[in-house]
Amino acid sequence: MNTILDIQQMLIDHQICGDVSENNDGTIEITIEWGDWKHDHAYCDMLMQEKGYELIGEYEIDDNGSDCYSSNHQYKLKTI
């Protein structure tokens, strides 16, 4: 089982600046502020998939038309 601290450390290890929290329904939320779409947002999704999570939603917070934007990513643990 992956804990919030494990996921936060994974982000740090891969140089992704994001805040991790767990919602009441057990979903994991990662907020990435002004991250590059490929090197931060897409990479975070790939890392979470490798940890057994699937992306269930991404909600944009802020955008200025460049390759960087802020959003909340929500994940749930995959069921087998």
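Residues numbered from 1 in each chain as written. Predicted model: local features only at pLDDT ≥ 70, side-chain atom pairs only at ≥ 80, totals over all residues. Heavy atoms only, no water.

A. Fine view of the environment of threonine 27. Structurally, the position occupied by threonine 27 is in the loop between β1 (18–22) and β2 (28–36). On the basis of relative accessibility, which here comes to 8%, the residue threonine 27 falls in the buried class. For the pair threonine 27 and isoleucine 56, spaced 29 residues apart in sequence, the C-alpha to C-alpha distance is 9.0 Å. What threonine 27 contacts, discounting residues up to four positions off in sequence, is Ser21, Glu22, Ile56, Tyr75 and Lys76. (Helix = DSSP H or I, 4+ residues; strand = E, 2+ residues; numbered from the N terminus. Buried < 20%, exposed > 50% of the residue type's maximum accessible area, 1.4 Å probe, protein only. Contact = heavy atoms within 4.5 Å.)

B. Seen up close, the side chain of threonine 31. Relative to the elements of secondary structure, threonine 31 occurs in strand β2. With relative accessibility at 18%, the residue threonine 31 sits in the buried group. A polar contact is formed between the side chain of threonine 31 and the side chain of asparagine 72, at a distance of 2.5 Å. When residues no more than four places from it in sequence are discounted, the contact partners of threonine 31 are Cys17, Gly18, Asp19, Ile61, Ser71 and Asn72. (Polar contact = N/O pair within 3.5 Å; in protein donor to acceptor, adjacent residues only side chain to side chain.)

C. Broad picture of the pairing of β2. Most of β2 is tucked away, with seven of its nine residues classed as buried. Here five bridges tie β1 to β2, and the two strands are oriented antiparallel to one another. Opposite glutamate 22, over in β2, you have isoleucine 28 as the bridge partner. Counting the residues in the hairpin turn of β1 and β2 gives five residues, including glycine 26, whose phi is positive at 90 degrees. (Pairing = 2+ DSSP bridges.)

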